[in-house]
Amino acid sequence: MMSGISNLRLIGAALATALYLLLLVTTVWRVRREARRREHEAAELAMSVGDSASWLVVYASQTGTAEELARRTANALHTVGLSAQLISIEQLDAATLRHTTRALFVASTTGEGDPPDGGALFMRRVMDAPHALGGLQYGVLALGDRDYRNFCAFGRTLDEWLHTQGATRLFTRVEASNTDPAALSQWRTHLMDITGTDELPEWLPPRFDEWQLVQRELLNPGSAGAPMYDLRLAPADHSARPDWQAGDLAQITPPGDESRPRDFSIASLPSEGHLRLLVRVAQRDDGSQGLCSGWLCTQLALGDAVPLRVRSNRSFRQGDNAPRPWILIGNGTGIAGLRAHLQARAQQSDTRNWLLFGERNAAYDAVLDAELQVWEQNGVLTSLDRVYSRDPPRRVYVQDRLRECAVELRQWVDEGAAIYVCGSLDGMGSGVAAVLEEVLGTHTLAELLANGRYRRDVY
Ligand SMILES: Cc1cc2nc3c(=O)[nH]c(=O)nc-3n(C[C@H](O)[C@H](O)[C@H](O)COP(=O)(O)OP(=O)(O)OC[C@H]3O[C@@H](n4cnc5c(N)ncnc54)[C@H](O)[C@@H]3O)c2cc1C
Ligand SMILES: Cc1cc2nc3c(=O)[nH]c(=O)nc-3n(C[C@H](O)[C@H](O)[C@H](O)COP(=O)(O)O)c2cc1C
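Worth saying up front: this structure is predicted, and the values here are computed from it rather than measured.

Reading guide: rules and limits
- In this numbering scheme, every chain counts its residues from 1 along its sequence in written order.
- Ligands are numbered from 1 and chains lettered from A, in the order in which they are written.
- Reporting in this predicted model follows two pLDDT cut-offs: at least 70 for local features of residues, and 80 or more for side-chain atom pairs to be given and counted; totals over whole chains, interfaces and linings ignore these cut-offs and use all residues.
- Residue proximity rests on one test: whether the C-beta atom, placed from the backbone, lies within 6 Å of the molecule or strand.
- Only DSSP runs of H or I covering at least 4 residues are called helices, and only runs of E covering at least 2 are called strands; the numbering of each starts at the N terminus.
- Three categories are distinguished: nonpolar for Ala, Val, Leu, Ile, Met, Phe, Trp, Tyr, Cys and Pro, charged for Asp, Glu, Lys and Arg, and polar for the others, with Gly belonging to the last.
- Following DSSP output, two strands are said to pair if at least two bridges run between them.
- Convention adopted: a line fitted to C-alpha atoms gives each axis, helices being fitted over their contacting stretch, and angles between N-to-C directions are expressed from 0 to 180 degrees.
- Backbone-placed C-beta atoms define the burial measure: a residue is buried with 20 or more other C-beta atoms within 10 Å of its own, exposed with 12 or fewer, and partly exposed in between.
- Residue pairs are scored as contacts if the distance between their C-beta atoms, which are placed from the backbone, is within 7 Å.

## Structural notes on the site of ligand 2
Stage number 1. Close to ligand 2 lie 24 residues, the nearest being Ser61, Thr65, Ala66, Ser108 and Gly144.
Stage number 2. Elements with a minimum of two residues in the shell around ligand 2: helix H2 (65-79) and strand S4 (137-144).
Stage number 3. The class makeup of the residues in the shell around ligand 2 is nine nonpolar, 13 polar and two charged.

As structure tokens, then:
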């Protein structure tokens, strides 16, 4: 009997070792395949941009606006018969840049004057060292918002850096606050000048469709924080079949401030039959309600029209992370973006997901509690860590819990985990980034970012 058990143990140990080796081999194979793919893409890119008739259109974008404008720029060049290659800034290496003769950069700024994630990688990998760019002619469209202290900081840094490396400006940098139409029209005029054409199509403002509010529910009655609402919307045109992916954003123009649409993380998938948003009523310094959130949550009636467009937000999508374990981290309304991902993960087989979520009080702020519990019971959530900063015995924020879980965090990342962070930039986003750097090291975190394994939707 005893020898039967020890035989079984031996077989078990052998199987575990074999599985471990298999995992190791497939991981090494995947990493090598990815490296080969990148080398191949870089070589192709270097060849195509060496062609003096072609343009390289580069975007540095966090939430997709710069990407959208760069795509429009490349399309505009195509319409007048020019060849233009569109790439994200993290795909641009020093060799490609040295071989490029004409480039247009559309670069946004995020955080507190920070580059978008892809821009940060470009700064580390390329801008760190001097390069001879005497053969390059370029133009920069810097996107930002004048309400921020460091207006267009990254676009300005990029422009100055290119100039210092010997590259020639084709025109003075264009700076756009909130995609100001006058600035975009100036960009278009420059494009016509440098390409010698007067045929470039007009830049039409993005189209907002009419949606309707179909359901609204207060999620945190009694909360010490501002009210958070669960809103469900559907297209007014019932035959429309809007499409999006987990990680994408809904942009809404509130009445009274049409020139500055507000973004919201989409909390649902199209297959659920509605577009769901979790909106907190913003409070201004003078105590009044935020314009858009106040309107959506307290003024709009069921059935009322909402001008809305869905924006793809590639930097927070699933990408090729489906087979990996996921660590999802967020606070407050950040649960919206994480929920859409969890819903997608629930429909995939064999996933491991660890959710760390922070709010104020368990009694009032356990938002989406029933759904999270179901996911915990049926195994979609391997681990559910909720922390409440206002509950005794002590103030614990999500970044504190992450630090307490340093061993598990390292283990998950060693096993290939991807990290998704959604919610406030101040406090949570920056605090989580600091703990990740402290626990995993600057190099590993930069690698995770470079490989799309560290993704953020923080605002
Ligand atoms: C990528 C992204 C995703 C987001 N996802 C979500 C989400 O899922 N859920 C969510 O609730 N929010 C989300 N937001 C935030 C959202 O877009 C809005 O910023 C938020 O709802 C506040 O907008 P508002 O119009 O209500 O407030 P506003 O009226 O714009 O006021 C907001 C702040 O601006 C200042 N301000 C502006 N105008 C005045 C004025 N006249 N007087 C005084 N102060 C003023 C104040 O500091 C005020 O607190 C997201 C933002 C981004 C960028
Ligand atoms: C969280 C956040 C932080 C931002 N910080 C700045 C900033 O420091 N300076 C600035 O000029 N614009 C700032 N902006 C405005 C963006 O640059 C602007 O909205 C831009 O159009 C976004 O482009 P993207 O979608 O390509 O990232 C910020 C926007 C967000 C959402």
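Read on, since the account is not over.
## Looking at the sheet that holds strand S11 (residues 275-280)
Stage number 1. Spatial ordering of the open sheet is given by S10-S9-S12-S7-S8-S11, a layout of six strands whose pairing is antiparallel. Every other strand in the sheet has two partners, leaving strand S10 (262-265) and S11 as the edge strands with one partner each. Pairs of neighbouring strands in the sheet enclose a mean axial angle of 40°, with direction left out of account.
Stage number 2. Pairing between strand S8 (residues 228-235) and S11: six bridges, direction antiparallel.

## Examining the site of ligand 1
Stage number 1. The environment of ligand 1 is made up of 23 residues, and the closest members are Gly290, Cys292, Ser293, Thr333 and Tyr459.
Stage number 2. Of all the secondary structure elements, the ones that give two or more residues to the shell around ligand 1 are S10, S11 and helix H7 (291-299).

## With respect to the environment of Leu92
Stage number 1. Following the sequence through the fold, Leu92 ends up in the loop between strand S2 (83-88) and helix H3 (94-99).
Stage number 2. Residue class for Leu92 comes out buried when judged on the 24 C-beta atoms lying within 10 Å of it.
Stage number 3. Sequence spacing of Leu92 and Gly118 is 26 residues, and the spatial spacing of their C-alpha atoms is 9.9 Å.
Stage number 4. Once you skip the residues sitting within four places of it in the chain, Leu92 turns out to touch Val58, Ile87, Leu97 and Phe122.

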